[in-house]
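# What the coordinates show
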Amino acid sequence: MKLVLAIIKPFKLEPVRAALDGIGVSGMTVSEVIGFGRQHGHTETYRSAEYQIAFVPKLRIDIAVDDAQLPLVLETLERTARTGKLGDGKLFVMDLPDLCRIRTGERGSEAI
C-alpha cells in the first residue's frame, strides 16, 4: 500500500475529486495548507501599496491506495491538477506499511 500526498491549487479540487471518483478511489482527506516552492510567493498590490505574499494557499490531499492502483491514481492526479503554469503543485508517494479501519478492525488493503 502507498500513501499519496498531493499539493494542488485550490480551484482544482473539484475536477480532481471527480476524476478520482471516476477511477474508483473510495476516499481522501483534504486540508488547506500554505507554502511555497520555486515561485517563492508573489507580490500583490492593495491601495497602491505592494505586499510580498511569502506563502501561497494550496490544498493537500491524502489518499491511501493499493499498489496496483498507484499508477492510475498518479496519472489521474497529474493530468487533472495540471494547469501548465508555475505552482501547479507536487505529488509525493510514501510506503504505507499498515492501515486499520477503526469501525471494523479490518487491516491492510481491505481497510482502504
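Look up a bit, the structure's there.
Heads up: these notes are all about the structure in this document. Not measured: the values here are computed from a predicted model. The numbering scheme is per chain: residues are counted from 1 as the chain's sequence reads. For this predicted model, a pLDDT threshold of at least 70 governs which residues receive local features, and a threshold of 80 or more governs which side-chain atom pairs are given and counted, while totals over whole chains, interfaces and linings are taken from all residues. The basis for every side-chain value is the complete set of heavy atoms in the structure, and neither hydrogens nor water enter the calculation.

## Here we look at the overall build of the protein chain
- Strands here are runs of E lasting at least two residues and helices are runs of H or I lasting at least four, both read from the DSSP assignment and numbered beginning at the N terminus. Helices and strands together make up the secondary structure of the protein chain, namely 2 helices and 6 strands.
- When the elements of the protein chain are put in sequence order from the N terminus, they spell out β-α-β-β-β-β-α-β.
- Here the C-alpha atoms of the protein chain give a radius of gyration of 17 Å, more than 25% beyond the 13 Å that 2.2 N^0.38 yields for 112 residues.
- Principal-axis analysis of the C-alpha atoms places the extent of the protein chain at approximately 60 × 25 × 20 Å.
- Out of the 112 residues in the protein chain, the part that is buried amounts to 26%.
- Any two residues having at least one pair of non-hydrogen atoms within 4.5 Å are treated as being in contact. Considering only intrachain contacts with a sequence separation of at least 6, the fraction spanning at least 24 residues in the protein chain is 70%.
- Every accessible area reported is derived by Shrake-Rupley at a probe size of 1.4 Å, with residue values counting cover from the shown protein chains alone. Summed over its atoms, the accessible surface of the protein chain is roughly 7400 Å², and 55% of this surface lies on carbon and sulfur atoms.
- Counted as positive: Lys and Arg. Counted as negative: Asp and Glu, with His and the chain ends omitted from the count. Every charge is mapped onto a representative atom, which is NZ of Lys, CZ of Arg, CG of Asp or CD of Glu. Computing the positive centroid from 15 side-chain charges and the negative centroid from 15, the protein chain places the two 5 Å apart. With the radius of gyration taken over C-alpha atoms, the globule rule is written as 2.2 Å times the number of residues to the power 0.38. Each residue gets one of three labels from its accessible area relative to the maximum for its type: buried under 20%, exposed over 50%, partly exposed in between, using a 1.4 Å probe on protein chains only.

## Quick word on the packing of aromatic side chains
- Put simply, two rings from Phe, Tyr or Trp (the six-membered ring, in Trp's case) pair if the centres are within 6.5 Å, and we call them stacked under 30 degrees between planes, edge-to-face over 60, tilted for the rest. A complete count under the given rule lists 1 aromatic pair for this structure.
- On the basis of an interplanar angle of 55° and a centroid distance of 5.7 Å, the ring pair of phenylalanine 36 and phenylalanine 55 is categorised as tilted. Taken together, the residues span a long stretch of sequence, with phenylalanine 36 in the loop between β2 (29–35) and β3 (42–46) and phenylalanine 55 in the loop between β4 (49–53) and β5 (56–65) at a distance of 19 residues.

## Notes on the packing of helix α1 (residues 13–22) against helix α2 (residues 70–81)
- Inter-axis angles, ranging from 0 to 180 degrees, are taken between N-to-C directions of lines fitted to C-alpha atoms, where helices are fitted over the stretch in contact. Close contact between α1 and α2 brings their axes to 9 Å; oriented N to C, the two are set at 150°. The pairing of α1 with α2 is recorded here as roughly antiparallel in orientation. Like other packed secondary-structure pairs, α1 and α2 cross with a definite hand, here right-handed. Along the contact surface, α1 presents Pro15, Val16, Ala19 and Leu20, while α2 presents Val73, Thr76, Leu77, Thr80 and Ala81. Relative orientations are named as follows: roughly parallel for angles under 35 degrees, roughly antiparallel for angles over 145 degrees, roughly perpendicular for angles from 65 to 115 degrees, and oblique for any other angle. Throughout, a crossing is termed right-handed when the near helix is turned clockwise from the far one, and left-handed when it is turned anticlockwise from it by less than a right angle.

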